[in-house]
Amino acid sequence: MARRSSAPPSPLPQRDGVDPVRVRLPAGGPGATVGEHLRARLAAGPGVIDAMFAAGAIVGADGRPVDPQTPYRAGLHVWFHRELPAEEPVPFPVEVVYRDEHIVVADKPHFLATTPRGRHVAETALARLRRDLGIPALTAAHRLDRLTAGLVLFTVRPEERGAYQTLFRDRRVVKEYEAVAPHDPALELPRVVRSRLVKERGSLTAREVEGEPNAVSRVELTRRRGGLGRYRLLPETGQTHQLRVHLCALGVPILWDPLYPVVTPPAAPDDFSRPLQLLARVLRFTDPVTGRRHEFRSGRELEGFPS
């Protein structure tokens with residue numbers, strides 16, 4: 001099988017820590033010209049694409065503006081900066097726990113997305129760190145849900161990103177989470193939960209189905225106070241919403257979870273009053289580049305069950 005050629009480097013710089021959008025024209029795409037193709041392909045309002053062409057905002061690999069009448073050619077790349085959505089600033093800092101020439105480990109607050117996605121673009125941990133640390137090539141080796149706080153590993157050098165991503169793919173990173181949820185004295189813990197999770201495109205939630213387990217979590221109760229418990233969670237796999245689904249299935253859904261057991265109406269963009277009580281507390285791994293043994297701990301506390 002022929003190896004797919006890599007994309008040419010972007011001719012546009014980042015803006016506010018956000019990469020420009022790259023569009024590759026596929027074989028058999030709609031339109032006879034670049035302009036016709038982008039009007040048909042991109043979800044933009046009437047006249048938006050034409051205005052971008054007129055302003056010279058859509059460029060080719062040489063950095064020069066592309067004429068919308070350029071004949072369509074499969075494999076051609078164009079770049080442009082998206083119009084950033086209006087975002088409510090998340091009023092909590094991203095703390096840098098560790099930094100060297102290879103990696104950055106950050107302690108992400110609740111409500112802040114890890115990487116640009118959907119309506120969260122500039123207000124993300126990645127964009128903030130690129131701006132604050134002056135590392136435009138910074139990338140995330142993995143992600144945390146926007147509502148989950150805690151440790152995230154970022155890579156400094158693009159050529160080393162794959163080595164760190166492989167750690168997570170091959171389950172060579174020990175991840176320890178902490179959660180606050182109701183305490184059920186009848187629930188026997190510790191235990192290992194195994195199930196098969198699926199999350200369909202467009203669905204807000206994941207669900208358990210019959211079949212070979214693809215999600216494994218160890219659940220331990222570390223403290224209890226009144227009707228609440230503090231739980232130590234050790235996921236062996238990394239399925240979307242895995243810990244949230246597993247605790248919910250045990251009858252102890254995580255405190256202030258807006259999706260499990262029921263989906264609640266979204267909070268106002270400026271409402272930061274009920275953070276999901278889930279924290280990525282520990283990351284432990286051997287650095288694949290330097291060979292150093294790392295263990296990092298989040299300094300954050302879950303306000304639903306403070307120390």
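Computed from a predicted structure; not experimentally measured. (Residues numbered from 1 in each chain as written. Predicted model: local features only at pLDDT ≥ 70, side-chain atom pairs only at ≥ 80, totals over all residues. Heavy atoms only, no water.)

S.K.: For this particular structure, what's the right way to read the overall build of the protein?
M.R.: Scanning the protein from N- to C-terminus turns up 5 helices and 13 strands. Seen along its three principal axes, the alpha-carbon backbone of the protein occupies a region of about 70 × 45 × 45 Å. In the protein, 62% of the contacts between residues at least 6 apart in sequence involve partners at least 24 apart. Accessible surface for the protein amounts to roughly 16300 Å². Of this, 49% is attributable to carbon and sulfur atoms. Taken as two groups, the 45 positive and 36 negative side-chain charges of the protein have centres that lie 3 Å from each other. (Helix = DSSP H or I, 4+ residues; strand = E, 2+ residues; numbered from the N terminus. Contact = heavy atoms within 4.5 Å. Areas by Shrake-Rupley, 256 points an atom, 1.4 Å probe, with all protein chains shown as cover. Lys, Arg positive; Asp, Glu negative; His and termini not counted. Charge placed at Lys NZ, Arg CZ, Asp CG, Glu CD.)

S.K.: Got a minute to help me understand the pattern of salt bridges in this structure?
M.R.: A side chain of one charge can pair with a side chain of the opposite charge when the charged atoms of the two come close. Summed over all chains, the structure comprises 18 salt bridges. When the shortest N-O distance is used, the salt bridge between Glu-176 and Arg-232 registers 3.1 Å. Residue Glu-176 is found in strand E7 (residues 174-182), and its partner Arg-232 is found in strand E11 (residues 228-235); the two are separated by 56 residues along the sequence. Accessibility expressed as a relative area gives 27% for Arg-232, which makes it partly exposed. (Salt bridge = Lys/Arg side-chain N within 4 Å of Asp/Glu carboxyl O. Buried < 20%, exposed > 50% of the residue type's maximum accessible area, 1.4 Å probe, protein only.)

S.K.: Even after reading the chapter, I still don't get helix H1 (residues 34-41), so can you show me in this structure?
M.R.: All buried positions along H1 are accounted for by Val-34, Gly-35, His-37 and Leu-38. The buried residues of H1 all sit within an arc of 165° when viewed along its axis, so they share a single face. Those residues of H1 hidden inside the fold are in contact with strand E1 (21-24), helix H2 (48-54) and strand E2 (77-80). (Arc of directions from axis to C-beta.)

S.K.: Sorry, what's going on with the nonpolar core here?
M.R.: A general tendency of soluble globular proteins is for nonpolar side chains to be buried together. The biggest cluster of nonpolar side chains holds 34 residues, and the ones touching the most others in it are Leu-138, Phe-154, Leu-233, Leu-247 and Leu-278. Every element with two or more residues in this core is listed here: strand E4 (103-108), helix H3 (125-133), strand E6 (149-155), E7, E11, helix H5 (242-249) and strand E12 (278-286). Beyond its immediate stretch of four places on either side in the chain, Leu-247 contacts Ala-179, Ala-181, Val-219, Leu-233, Val-252, Pro-253 and Ile-254. Formed by 13 residues, the second largest nonpolar core is a distinct cluster that contains Leu-38, Ile-49, Ile-58 and Val-66. (Core = buried A, V, L, I, M, F, W, Y, C linked by side-chain atoms within 4.5 Å.)

S.K.: Teacher, can you tell me more about the pairing of E4 here?
M.R.: Each regular strand shows side chains that alternate between the opposite faces of the sheet. Taking burial as the measure, the 6 residues of E4 include 6 buried ones, the bulk of the element. Side chains Ile-103, Val-105 and Asp-107 of E4 all project onto a buried face; the interleaved residues Val-104, Ala-106 and Lys-108 project onto the opposite face, where all are buried too. Bridge count for strand E3 (residues 95-99) against E4 is 4 bridges, and the pairing is antiparallel. What sits directly across from Arg-99, in E4, is Val-104. Count of turn residues in the E3/E4 antiparallel hairpin: 3 residues. (Pairing = 2+ DSSP bridges.)

S.K.: Any chance you could explain the pairing of strand E13 (residues 293-297) here in plain terms?
M.R.: Burial along E13 is one-sided: the residues His-294 and Phe-296 are buried and none of Arg-293, Glu-295 and Arg-297 is. Where E12 meets E13, 5 bridges bridge the pair, whose relative direction is antiparallel. Bridge pairing in E13 links Phe-285 to His-294. Hairpin connection, E12 to E13: the antiparallel pair is bridged by 6 residues, and Gly-291 has positive phi, about 80°.

S.K.: What is the right way to look at the packing of aromatic side chains in this model?
M.R.: Geometry of an aromatic ring pair is reported as the spacing of the ring centres plus the angle between the planes. Summed over the entire model, instances satisfying the criterion amount to 4 aromatic pairs. With 5.2 Å between their ring centres and 75° between their planes, Phe-111 and Phe-272 make a pair best called edge-to-face. With Phe-111 in the loop between E4 and H3 and Phe-272 in the loop between H5 and E12, this pair connects stretches of sequence that are 161 residues apart. For Phe-111, a relative accessible area of 11% gives the class buried. The buried category is assigned to Phe-272, whose relative accessible area is 18%. Ring plane angle 50° and centroid distance 6.2 Å describe the contact between Phe-285 and Phe-296, whose orientation is recorded as tilted. Here Phe-296 lies in strand E13 and Phe-285 lies in strand E12, a separation of 11 residues in the sequence. Note on accessibility: Phe-285 and Phe-296 belong to one class, buried. Every member of this aromatic cluster is reached through a ring pair, and the members are Phe-92, Phe-111 and Phe-272. (Phe/Tyr/Trp six-rings, centres within 6.5 Å; stacked < 30°, edge-to-face > 60°.)

S.K.: Help me understand H5 in this model?
M.R.: An α-helix turns once every 3.6 residues. As a result, residues three or four positions apart point the same way. Most of H5 is tucked away, with 6 of its 8 residues classed as buried. The set of residues buried in H5 consists of Gln-242, Leu-243, Arg-244, Val-245, His-246 and Leu-247. Residue Gly-251 follows H5 closely and has a positive phi angle near 90°.

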